[in-house]
Amino acid sequence: MNTELAIAMIESRMRDMGYTPLDYSTSFKHCVLQGKESREIEAYNEFYFLEHDPEDVNIKSDFGFYDLSYQKANELKYEHQGLILLYNQSAIINHVRFIQVILKHK
Amino acid sequence: MSRARLIVKEVVMKRQGEISFFQIRLPKNATRILGIETDVFMESFLEADTSSSGSGSHGGAGGTRPDGTVGGTTAEVNRRPFLKWSSTSNPVVGKLKLQSMDRNNIFFETWVPFVFLNASLPDMSYGLFPKSPYSLIVLGKPKPIGIQCSNAIINGLFTDDIGIRKNADIKYRVKVFVWVQTTEPTNGVVFDFQRTNKELEVKL
């Protein structure tokens, strides 16, 4: 995943769900995780798109799973919603970058 | 009314803690998802959970006999491994989640069991009369959903749970049945789950 692909995916997914670009705003979110840190992000009415391929990070959400080191998943998801759980599997600091899509009130 | 069609998707799970993403393809003329039903075919052999057996007639050490000897020294077989649930004898195999491309987040989530208690035994307590309204014995039927779909894909996610609890690779097949409404004419066919609860009520 890269930034261009993430932006294109956001436009496509939002259009599928009936949202025009005026119905949502985007924000860039750069999470800095300390060694072995776990973090929760509440994104119940938002979308989080991974903007890169972070290593040594486990990300779980309502309908998403991302972990490059996990051998038993047949796919990884770059789109996350609901309660997002981040876990830094490394003992050193790690970075995870998302593009956050926030829906506006209609 | 339009005709309902059934789409079946099978997912094979083999490994402990497996996470399986899959897609269910709907016909082009599908307009609405009516209901979801699941089924599980267990292929691995599951040992009886001896640790959960109690001291009743089907378990325990056998107790002391009238002549003073202690029975029950033979290997014990629990004949009801899934009637007394513990963390390992729980018949839930995993969690199923479904997502429509047209909607935010997921539209369906359930724990999938491979033993459907109260689903197979007929209730004869009322003889040949209709079943007791107090009975817990119910037949499995699709869980009503009723969401519109303009997309021909449903995204699915199944996560293994029984393998994690039993700490073993357990092979099983999960079937997901998706009832969809299409634009075809029904020709008078109405399925049970399409009726309202009032129509299905048993008249006593």
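Rules used throughout
- Residues numbered from 1 in each chain as written.
- Chains lettered and ligands numbered in written order.
- Predicted model: local features only at pLDDT ≥ 70, side-chain atom pairs only at ≥ 80, totals over all residues.
- Heavy atoms only, no water.
- Helix = DSSP H or I, 4+ residues; strand = E, 2+ residues; numbered from the N terminus.
- Buried < 20%, exposed > 50% of the residue type's maximum accessible area, 1.4 Å probe, protein only.
- Areas by Shrake-Rupley, 256 points an atom, 1.4 Å probe, with all protein chains shown as cover.
- Salt bridge = Lys/Arg side-chain N within 4 Å of Asp/Glu carboxyl O.
- Phe/Tyr/Trp six-rings, centres within 6.5 Å; stacked < 30°, edge-to-face > 60°.
- Contact = heavy atoms within 4.5 Å.
- Buried area = accessible area lost by both parts, 1.4 Å probe.
- Polar contact = N/O pair within 3.5 Å; in protein donor to acceptor, adjacent residues only side chain to side chain.
- Nonpolar A, V, L, I, M, F, W, Y, C, P; charged D, E, K, R; others polar.
- Pairing = 2+ DSSP bridges.
- Axes fitted to C-alpha atoms, helices over the stretch in contact; angles between N-to-C directions.

Attention now moves to the overall build of chain B. Of regular secondary structure, chain B possesses two helices and eight strands. The helix and strand sequence of chain B, counted from the amino end, reads β-β-β-β-β-β-β-α-β-α. Out of the 204 residues belonging to chain B, those deemed buried represent 38%. Of the roughly 12300 Å² that chain B leaves accessible, carbon and sulfur atoms contribute 54%.

With that settled, the discussion passes to the pattern of salt bridges. All names here are of chain B. Scanning all chains against the criterion turns up eleven salt bridges over all chains. A salt bridge links Glu-43 to Lys-171, with the shortest nitrogen-to-oxygen separation between them at 3.5 Å. Of the two residues, Glu-43 sits in the loop between strand S3 (30-42) and strand S4 (92-100) while Lys-171 sits in the loop between helix H1 (162-166) and strand S8 (172-185), which places them 128 residues apart along the sequence. Among the residues examined, Lys-171 registers a relative accessible area of 29% and is labelled partly exposed.

Summed over the entire model, instances satisfying the criterion amount to six aromatic pairs over all chains. Each ring, one from Phe-47 of chain A and one from Phe-49 of chain A, has its centre 6.4 Å from the other, and the planes form 25°; the classification is stacked. Their ring planes at 75° and their centres at 6.0 Å tell us that Phe-63 of chain A and Phe-21 of chain B sit as a pair that is edge-to-face. In this pair, Phe-63 of chain A is assigned in the loop between strand S3 (57-61) and strand S4 (64-66) and Phe-21 of chain B in strand S2 (residues 19-25), connecting two distinct chains. Here Phe-63 of chain A matches Phe-21 of chain B in class, with each residue buried.

Another point: the interface of chain A and chain B. Contacts between chain A and chain B engage 22 residues on the former and 19 residues on the latter. A combined buried area of about 1700 Å² lies between chain A and chain B, and 47% of that area is made up of carbon and sulfur atoms. Run the count over chain A and chain B and you get zero salt bridges. At the surface where chain A touches chain B, the tally comes to eleven residue pairs in polar contact (both at pLDDT 80 or more). At the level of elements, helix H1 (3-16), strand S2 (38-50), S4 and strand S5 (79-88) of chain A are the ones that each hand at least two residues to the side of chain A that touches chain B. Among the elements that make up the side of chain A that touches chain B, the one with the highest residue count is S5 of chain A (three residues). Considered class by class, the residues forming the side of chain A that touches chain B number eight nonpolar, seven polar and seven charged.

Let us now look at the sheet that holds S2 of chain A. All names here are of chain A. Judged by pairing direction, the sheet is antiparallel, and its six strands sit side by side in the order S1-S6-S2-S5-S3-S4 without closing on themselves. Strands with a single pairing partner mark the edges of an open sheet, and in this sheet they are strand S1 (24-33) and S4. Strand-to-strand twist across the sheet, computed as the mean angle between neighbouring axes with direction ignored, equals 25°. Relative to S5, S2 runs antiparallel, the two being bridged by eight bridges. Each bridged residue has a counterpart across the sheet, and for Ser-38 the counterpart in S5 is Tyr-87. Here H1 sits on the sheet in contact with S1, S2, S5 and strand S6 (94-103), set at roughly 30° to S6.

Residue and element names in this part refer to chain B. An order of S2-S7-S4-S5 is seen for the four strands of this open sheet, with the pairing classed as antiparallel. On the outer flanks of this sheet lie S2 and strand S5 (108-113), each paired with one strand and no other. In this sheet, adjacent strand axes meet at a mean angle of 25° when their direction is disregarded. Pairing geometry for S4 and S5, over six bridges, is antiparallel. By the bridge assignment, Leu-98 is partnered in S5 with Phe-108.

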